[in-house]
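In case you want the letters, here they are:
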Amino acid sequence: MDGISWADLDRAEQRAIAILGAGLSIELCDPLALLTLARLGLAIGSHLTVAGDALRRDAVLKGVAS
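Residues numbered from 1 in each chain as written. Predicted model: local features only at pLDDT ≥ 70, side-chain atom pairs only at ≥ 80, totals over all residues. Heavy atoms only, no water.

## Observations regarding the nonpolar core
Part 1 of the reasoning: Ranked by size, the top nonpolar core spans 14 residues in total, and within it Leu 9, Ile 17 and Leu 37 carry the most contacts.
Part 2 of the reasoning: Where this core is concerned, the elements lending two or more residues are helix H1 (11-21) and helix H2 (31-39).
Part 3 of the reasoning: In contact with Leu 9, not counting residues within four places along its chain, are Ile 4, Gln 14, Ile 17, Leu 37, Leu 40, Leu 42 and Leu 55. (Core = buried A, V, L, I, M, F, W, Y, C linked by side-chain atoms within 4.5 Å. Buried < 20%, exposed > 50% of the residue type's maximum accessible area, 1.4 Å probe, protein only. Helix = DSSP H or I, 4+ residues; strand = E, 2+ residues; numbered from the N terminus. Contact = heavy atoms within 4.5 Å.)

## Re the pattern of salt bridges
Part 1 of the reasoning: What the rule picks out here adds up to 2 salt bridges.
Part 2 of the reasoning: Where Asp 53 meets Arg 56, a salt bridge forms, and the shortest distance between an N and an O atom there is 2.6 Å. Taken together, the positions of Asp 53 and Arg 56, both in helix H3 (residues 50-65) and 3 residues apart, correspond to about one turn of that helix.
Part 3 of the reasoning: Note that Asp 53 is salt-bridged to Arg 57, the shortest N-O span being 3.8 Å. One end of the pair is Asp 53 and the other is Arg 57, both in helix H3 and 4 residues apart, which spans about a single turn.
Part 4 of the reasoning: Judged by relative accessible area, which is 41%, Arg 57 ranks as partly exposed. (Salt bridge = Lys/Arg side-chain N within 4 Å of Asp/Glu carboxyl O.)

None of the figures reported here should be taken as evidence of function without further support.
Here it is as structure tokens:
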């Protein structure tokens, strides 16, 4: 996950992280975005990895702080 920031992800990938982080259905995610997140080590199946959850949490905290 080193070097990957929220801004590096496209809108579909960001949306997929938000959906998985909220515990919603994987069916709401773009399949290509899920494949990309898995390739990047941010998701496994229908769950975020520790790295994916940390990226989501950091994006939320930055959004709240600004």
